[in-house]
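Tertiary structure, described
One letter stands for each residue in the lines below.
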Amino acid sequence: MSDAAGGEPTDDDPVVLDVADGVATLTLNRPEMRNPLTSEIARGIIDAVERLEDRDARCLVVRGAGGAFSAGGDVNAMAERLAGETTLDEAVQRITQETSRAVKRVAECPLPTVAKIDGVAFGAGANLAIACDLQVASAEARISFGFRQVGLAVDSGTSHFLPRIVGENTAKELVFTGELVEADRAESLGLFTHVYPGESFDERADELIEQIATGPTVALRTSKRLIRQGLNDSLDQAMENEAAAQAAVFETQDHREGAEAFMANEEPEFEGR
């Protein structure tokens, strides 16, 4: 796993991390394979997210190189299992300790996260996309939870993420059929937050990402945590949590900047602290 200076990755590392202007861009960099979640890519994702604590990042973007987000599971690893080259325990461990852990690490990232989807997001790759807070997609993007295509049950968080977004019955339909969902339908189901035309995809997506990255970072991180907690809290508990969290956010420089700019009818310039 390496850092890049920006733009399309050109080195041989499976995962490239670029941090610029507060935006950390994590790129899955196996375009010739459509960026499957191999062991090396999964470990690269985990390492990259953990390293964000030492970087000046205010937003995390996850993307795939070469016109695909992620084709999902490692087909070569499946072939090794069928050939008896790996044991059942090794195959299960790869899912729990690598693929699922990588998805979980992105889901639990305290920063606002955006999946930038151009091309296909399939299986575990689809879960990596919906594990992010927002999903921005090109009109050519597709998403599928098609584990059935290889005769497998869902894994890497499908049973947690998918019904929370689309509801139980639609989640079952998408899993049972393995539908390759086109961008417009994915947007209507809530799997994609925004869909942009291909010719303006990068520009429109980057505008949204910049808006997030230049926001009041502590407040946004706190809001993200509270929304996650609020899914399982009573109203009273949610309000108590919000009041306690707000006491800390009141002390931030960004709150002072935002309040003063609001009263002066000016645009705030948040610094992320």
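Structure: above.
Residues numbered from 1 in each chain as written. Predicted model: local features only at pLDDT ≥ 70, side-chain atom pairs only at ≥ 80, totals over all residues. Heavy atoms only, no water.

**Section: the state of the cysteines**
For the coordinates displayed, the defined rule picks out zero disulfides. Between cysteine 59, a cysteine without a disulfide, and cysteine 109, which holds the nearest cysteine sulfur, the sulfur-to-sulfur distance is 8.9 Å. Taking the relative accessible area as the measure of exposure, cysteine 59 reaches 0% and is therefore buried. (Disulfide = S-S within 2.5 Å. Buried < 20%, exposed > 50% of the residue type's maximum accessible area, 1.4 Å probe, protein only.)

**Points about the nonpolar core**
Within the largest apolar cluster, 50 residues are counted, with the highest numbers of intra-cluster contacts made by Leu26, Ile45, Ile117, Leu128, Ile143, Leu191 and Phe192. Take this core: its biggest share by element is six residues, from helix 1 (residues 39-51). Not counting chain neighbours up to four residues away, the residues in contact with phenylalanine 192 comprise Ile117, Gln135, Ala137, Ala141, Arg142, Ile143, Ala183, Ala186 and Glu187. Within the second largest apolar cluster, 12 residues are counted, among which are Val23, Cys59, Val136 and Phe201. (Core = buried A, V, L, I, M, F, W, Y, C linked by side-chain atoms within 4.5 Å. Helix = DSSP H or I, 4+ residues; strand = E, 2+ residues; numbered from the N terminus. Contact = heavy atoms within 4.5 Å.)

**A short note on the pattern of salt bridges**
Evaluation of the coordinates by the stated rule reveals 13 salt bridges. Between glutamate 108 and lysine 104 there is a salt bridge, with the nearest N and O atoms lying 2.9 Å from each other. With a relative accessible area of 46%, glutamate 108 lands in the partly exposed category. Owing to a relative accessible area of 47%, lysine 104 belongs among the partly exposed residues under this scheme. Among the charged side chains, a network of salt bridges with common partners joins Glu50, Arg101 and Arg105. (Salt bridge = Lys/Arg side-chain N within 4 Å of Asp/Glu carboxyl O.)

**What about the side chain of aspartate 155?**
For aspartate 155, the location among the structural elements is in the loop between strand 8 (142-144) and helix 5 (158-166). Take aspartate 155: its relative accessible area is 19%, and that puts it in the buried class. Here serine 156 takes part through its side chain, which lies 3.0 Å from a polar atom of the side chain of aspartate 155. (Polar contact = N/O pair within 3.5 Å; in protein donor to acceptor, adjacent residues only side chain to side chain.)

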